[in-house]
Amino acid sequence: MVIELKNIYKSYPSGGEEVRVLSDLSLTVKRGDSIAVTGPSGSGKTTLLNCMGLLDTPTSGNVLIDGEETASLKEKELAHIRNRKIGFVFQLHYLLPQCTLWENVLIPSLAFKKDNQKSIAERIKKILSLLDIAELSQAKPYALSGGERQRAAIARALVMNPSLILLDEPTGSLDSENAEKIGVLLKRLNEEEGITLVTVTHSPYLASLMNKRFYLRQGALSETGGDK
Amino acid sequence: MTLLTRVFRNLVHYWKQHLLLAAGTALAVAIITGALLLGASVRSSLKEQAAAKTGKADYALLSTVNSFNSELSDKILYNEKDAKAAALLGTGAGLIKNKNGLSLPGIKVWGIDNNINLFTQKTLPVENLKDDEIFINQRVAAKAGLKPGDEILLKFGKISSSVSDVPFGQETELTGSFYRVKSILETAQLSDLSFNMNQTIPLNIFLPLKSLSANLGIPGKANHLMLSLPGNSRPEKILQPYLNMADLGIISRNADSGSLIEILSDQLFFNKSFEKILMKIDPEADRILSYFFNTLSSEGRITPYSIVTASDRFDRQFSLSGNEIILSEWTAADLEAVKGDRVTMAFYRENQTGNVTETASEFIVKEIINASLYHLDNSYMPLFPGLHEVKNCRDWKPGVDINLDLIRKKDEEYWNSYKGTPKAVISLSKAEELFSNRLGSLTAFRFSKDKWKQKDLESAIINNISPGTAGYQWLDLNKTITGAVDNSIDLGGLFLGLSFFLIAAAAILLILLYRHSLTTRMDEWGLLKATGYPNSTIKKLILTEGLLTAMAGGIIGGFSGILYNRFLLFLLSSFFTGTLYAPALTETVSPIAIITGTGCGILLSLGALLLSSSKTVKIPASILLSFKGNRELPESYTPAKRFNKARLFGILFLLSIIPSSAVLVYAFTQTQSGASIWFFLAGTFFLVTLVFLFLFLLNFLLKKKLKNDGFPKLSLFTFGIKNVLRNPGRSTAMVLILAASLFMVTSTGSYRINTPADPFSRDSGTGGFGVYCETTIPVSEKEIVTDTEFVPFRLKPGDDASCLNLQRAVNPSVIGVDWKELSERKAFHFADRGTFNRKDDVWSKLDEQTDGTIPAIADETSLSWNLGNKVGDTIEITDEKGKVVKLRFIASLSPGLLQGFIIISEKNFLSLYPSTSGYRVFLIEAEKKSLIKVKNELTELFADHGAEVLCATERLQQFNAVENTYLSFFLILGGLGVILGLGGFFILIIRQMVESEREFALLTALGFSRAKISQVVLFGNLFLFLSGLMIGTVPSFISMLPVLIGYNPDYPYLFSGFLFICLLLTGLTAIYVIIKFFLKRNFILTLKNE
């Protein structure tokens, strides 16, 4: 088990009232899973992903990462978990324009001192080759195509060798050709590298590539299909 | 929708941005307008004050030699329609307060009559003033602690035509009387009356003209006349008809038993101007020079203390020439001399520096005559004071040292019988050669009664002698005030200059704000382009928005400028009343200043907008539209993409090192006083050089690929730096703004003037003298009974040309000195030696006239600020007889004790102002241990002369206080600039933080803790902040080199250190607080909002 959500409630104050986004939501993600969460806009998909990625704190309920409860963890400990165990890919690539592709991928390794720069470099090289963007390593983000940028963002998510990658509409800003390429790449990472994926998406195609599919509505998840 | 509608909608929609831009423009406008208004206010205040001090009279008649009948004003009022006139008697005095013995120097006493009320705004009750009562002005009251009813002793010197230190001149007789303060006058009662162009309030005391003139020994006389005339009437013509012989200092009497009319001078001697006029009136007039000799000796026999004469008549009668002498029978008998014998005449004569010394000349006896047969009688004796009116020759007081023991019984009998009948005659040319002095060379003119009636002769003389020749000078007050005020120290310009950094900081801020505004609306420009708008229309839209914003800012800035001017006036007024003893300044709201300031500010704002917008509109629509997503323009659309920036700045850095180093080396070759400005310039050059170095390193770092085992390396530190260097222009602006502010503030400190480290060094501002003394009443050398060595200066008072006077010195004070005294001591340091080299004795050049131009030296502060000249320039001054004379500045002194004066040689001084008696300025040698003792001795010694005795360093501190106050203003403005600079720096950090929100969110998602993100941000901003400080420190150090090499050992290290630490701590604290505060926000929302 990589991540487990237990009875998650999440609400936000809005116009003097509490708006409930997630309601008694529970989900278990096992190692090697690839999960797609779909749902209408505003249904709480990103909130769910943020809670899973420890970017947001549930109003109540527990998030367990590798069996460890996270509610009582301090900010630095949460950051450490995010850095080591979770990778993020967003709809927009969020590559830093002032850094080269290589440097963008390298950035997560700067968050904590312990990492061996040489091994990180070797790993980046390998990831870039895997994602077929090794030759672009010295390019700045504005010189890359949309698909290349998103692959760079995935490389950045992979660099710390996380057990889980959370993807928020990873193909939302791509054309269908690039969206398909990214989908295939993610599927390959899951199947060949054993990387656990949780993606929220509007894309039926990307969802179809995942082995589990959930639908989020009125704060609750319902499984809509899968390979099992 | 019209363009204007769109503009208004944009203005409303982006109101926060436009508000900031309007505020930036308003700031620039306020600074410029405020400075311009200050200049206008100061000028107008000075003009009003000067007009108020002169009672708004059109002209002032000043007499330097003679005095006139005070009824002159009544005559003018009676005869001249619509004229206003008031006669005054002005003289210097010393005030001694009874109770605590307080002595107040520099008092000006005015004798007034009721006519003064023609020039007052509020009646001055002169008629109620008793002979022993005085009015005082508020400054005297404040300085001496006087109130109505208090009694004081006033000491003044009697006014006499006699000049004390020419042969036979009489010492100035001191007189004193007790007076009771009747009341303290208001300004509207002309309490601050003065004809000098100084904004300083004089120390004025008023008493009835009648009693003052009686006390001064010239009853019923006056020496000043205030005059206002209707229309364009000139005063010169008005005066002439009212003057009489006495007013011109001329006496006429009968001679030679009434057959001749003899014309004599009040001053004993006639100068060449008079001689020319009198000989023009009658070329046959007999010129006479009679003189008092000490001894006439022949082979051991001596005839003491007698008169020798010379005249045209005797020259003709005896064909006298060269060293021939004619003796009276009495004298020949006394000396047992016969024709052909040699006799020696010893006599007193004046040397070049005005000192009287005994000298002798040898003659050969040509004839021995019976005096009475040749009409040689007592009338040939001039009106030597202390001689001609004395019955017994043992009571002689001829104004020169005489040994009464030499007077024999037969000499007394001769005096009793023949009085001053000459005992010898020599040729007129020889007499002039031997006896002439600065006042002239003839003692009388005789006119034949066959040709002249006395009345006709007097009329001819009065009509032919211009009042100027007799020492009367008209001062055109309106012209003088305009000249003094219009050319006064331009405080507005000075403040504008001092505000340069503040304006530059505002301009940089405006550029940054405009760039920010344009950047945030990139997609809008892209959209407009995409929908077919031409670049020109987009530019028009941007500029129209900018213009309206700038105009709004300009209006706010205009009003703020008025308030800023009030603030500066408040500061200056405190400085005026505290240091310069001047009235408070009043505000002048000059529309021209406001329009100019507002216009300049708006232009500055639009210039910043043009600079920021010119490239934006040229970027293709696709790039503009994708800017929000990419957050950065492709390299091809960033400025200067076509060349290697690192190389360019590297070359610029190397090139700028050359002039910077050259200026620095040149600065080392400069003298102490001139060095500061060159070191400052070198510092400025190095500031620019270091900015190029920074830009080179910045671009080099950006370009450089740091390799490690074949892989690019990135550390938290370089990552942080990369973040802040994302916008090189902004980063450079941040660094520049900090570096420049640090440089300006610390280098200003090096200009602060303090007491010299070794005030007894001849090279310092004191010239090595310990004590400075200036008296109100002249002192003759004989009166200075002290063992202390001193250098005396003759003074022709005028406008103060020191930094204590804001106005242009139109009629500057001139001092004359025996230059050898200063040359031998090697006193004072020359700031500019003009055409002379280091080995030349510049002081000795004071006597070397070329083309009739008199060499002069002045303190460099006086020369540049108060006289508006430089070494090599000439100025015109008017001598005692109204003749315009040119002075050429051959060198300037480093700021010191003699600031405020034009220095010329004593010889030249006496030729210009022969009637000046004695000395008024003294530089006294005193060792450190005896300084106070000497000061106290002199204060006591010269108390009756109204002496102000100061330790030399005290006088320097008075000047330094003024210059340091200006520097303090500079520091205040520099400080405001630093605040603005730091403010701009912080705004840029905040802007950077806002722009980086998404990056922070991403870093959070990637596992960076807040502490780690803080480190990244801190590294980048610290790099910029410390780069700014380092770039500012190096030029600061260079500009401080004069301090470090000992030119100004009293540099305010503490102050500058405090400033530096304040800047450092403020910067570090603010960066830390901004980061801490900002990173508390929840960035994840940013990602969600995307």
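For the structure given in this document, a descriptive report is provided here. Model, not experiment: these values are computed from the prediction.

## Points about the side chain of B:K430
Residues and elements named next belong to chain B. Residue position: K430 is located in helix α11 (residues 428-435). Judged by relative accessible area, which is 15%, K430 ranks as buried. When near neighbours in sequence (up to four residues on either side) are disregarded, K430 contacts G322, S361 and F363.

## A few points about unusual backbone geometry
In this model, A:E169 sits at a positive phi of 50°, which is unusual for a non-glycine residue. Summarising the element assignment, A:E169 is placed in the loop between β7 (164-168) and α6 (176-192). Of note, the phi angle at B:K826 is positive, near 50°, even though the residue is not glycine. According to the relative accessible area criterion, B:K826 is exposed, its value standing at 64%.

## Concerning the packing of aromatic side chains
Residue and element names in this part refer to chain B. Applying the stated rule across the entire model yields 26 aromatic pairs over all chains. Both rings, one in F292 and one in Y305, keep their centres 5.9 Å apart while their planes meet at 10°; by these two values the pair is stacked. On the criterion of sequence distance, the pair formed by F292 in strand β13 (residues 286-298) and Y305 in strand β14 (residues 301-311) is long-range, its members being 13 residues apart. Summarising the burial analysis for this pair, F292 and Y305 share the class buried. A network of ring pairs unites the aromatic residues F314, F318, Y374 and Y380 as a single cluster. One cation-aromatic arrangement involves K108 over W110; the distance from NZ or CZ to the ring centre is 5.1 Å. It is R446 that lies over the ring of Y380; its NZ or CZ is 3.9 Å from the centre.

## Some thoughts on the side chain of B:E262
With respect to the helices and strands, B:E262 occurs in strand β12 (residues 260-265). A distance of 3.0 Å separates the side chain of B:E262 from the side chain of B:R446, its partner in a polar contact.

## Let's talk about the nonpolar core
Ranked by size, the top nonpolar core spans 135 residues in total, and within it A:M52, A:I107, A:I154, B:F719, B:F985, B:M993 and B:F1008 carry the most contacts. Looking at which element gives the most residues to this core, the answer is helix α23 (residues 728-751) of chain B, with eleven residues. With residues up to four places along the chain from it excluded, the contact list for B:F1008 reads A:A79, A:R82, A:I107, A:P108, A:L110, A:A111, B:L716, B:L1003, B:I1013 and B:V1016. In this structure, B:Y59, B:L104, B:Y179 and B:V390 belong to the second largest nonpolar core, which totals 105 residues.

## Examining helix α13 (residues 477-486) of chain B
Residue and element names in this part refer to chain B. By the burial criterion, the buried members of α13 are L477, T480, I481, A484 and V485. Taken end-on, α13 shows its buried residues confined to a sector of 115°, consistent with a single buried face. On its buried face, α13 is in contact with α2 (15-53), β1 (59-63) and β20 (472-476).

## What to know about the packing of α2(B) against helix α18 (residues 591-613) of chain B
Residue and element names in this part refer to chain B. Close contact between α2 and α18 brings their axes to 8 Å; oriented N to C, the two are set at 150°. In the crossing of α2 with α18, the sense of the turn from one axis to the other is right-handed. Taking contact as the criterion, the partners of T25, A28, V29, I32, T33, L36 and L37 in α2 are, on α18, A593, I594, T596, G597, T598, C600, G601, I602, L604 and S605.

## Topic: the sheet that holds strand β5 (residues 68-69) of chain A
Residue and element names in this part refer to chain A. One open sheet holds the four strands; their spatial order is β2-β1-β4-β5, and the pairing between them is antiparallel. Edge positions in the sheet fall to β2 (17-29) and β5, since each of these pairs with one other strand and no more. Judged from the nine bridges that link them, strand β1 (residues 3-14) and β2 form a sheet pairing that is antiparallel. Bridged to I3 within β2 is V29. Against the sheet, helix α1 (residues 45-52) touches β1, β2 and β4 (60-65), its axis set at about 60° to β2.

Calculation notes
- Residues numbered from 1 in each chain as written.
- Chains lettered and ligands numbered in written order.
- Predicted model: local features only at pLDDT ≥ 70, side-chain atom pairs only at ≥ 80, totals over all residues.
- Heavy atoms only, no water.
- Helix = DSSP H or I, 4+ residues; strand = E, 2+ residues; numbered from the N terminus.
- Buried < 20%, exposed > 50% of the residue type's maximum accessible area, 1.4 Å probe, protein only.
- Contact = heavy atoms within 4.5 Å.
- Phe/Tyr/Trp six-rings, centres within 6.5 Å; stacked < 30°, edge-to-face > 60°.
- Lys NZ or Arg CZ within 6 Å of the ring centre and 35° of its normal.
- Polar contact = N/O pair within 3.5 Å; in protein donor to acceptor, adjacent residues only side chain to side chain.
- Core = buried A, V, L, I, M, F, W, Y, C linked by side-chain atoms within 4.5 Å.
- Arc of directions from axis to C-beta.
- Axes fitted to C-alpha atoms, helices over the stretch in contact; angles between N-to-C directions.
- Left-handed = near helix turned anticlockwise from the far one by under 90°.
- Pairing = 2+ DSSP bridges.

Geometry only, nothing functional implied.
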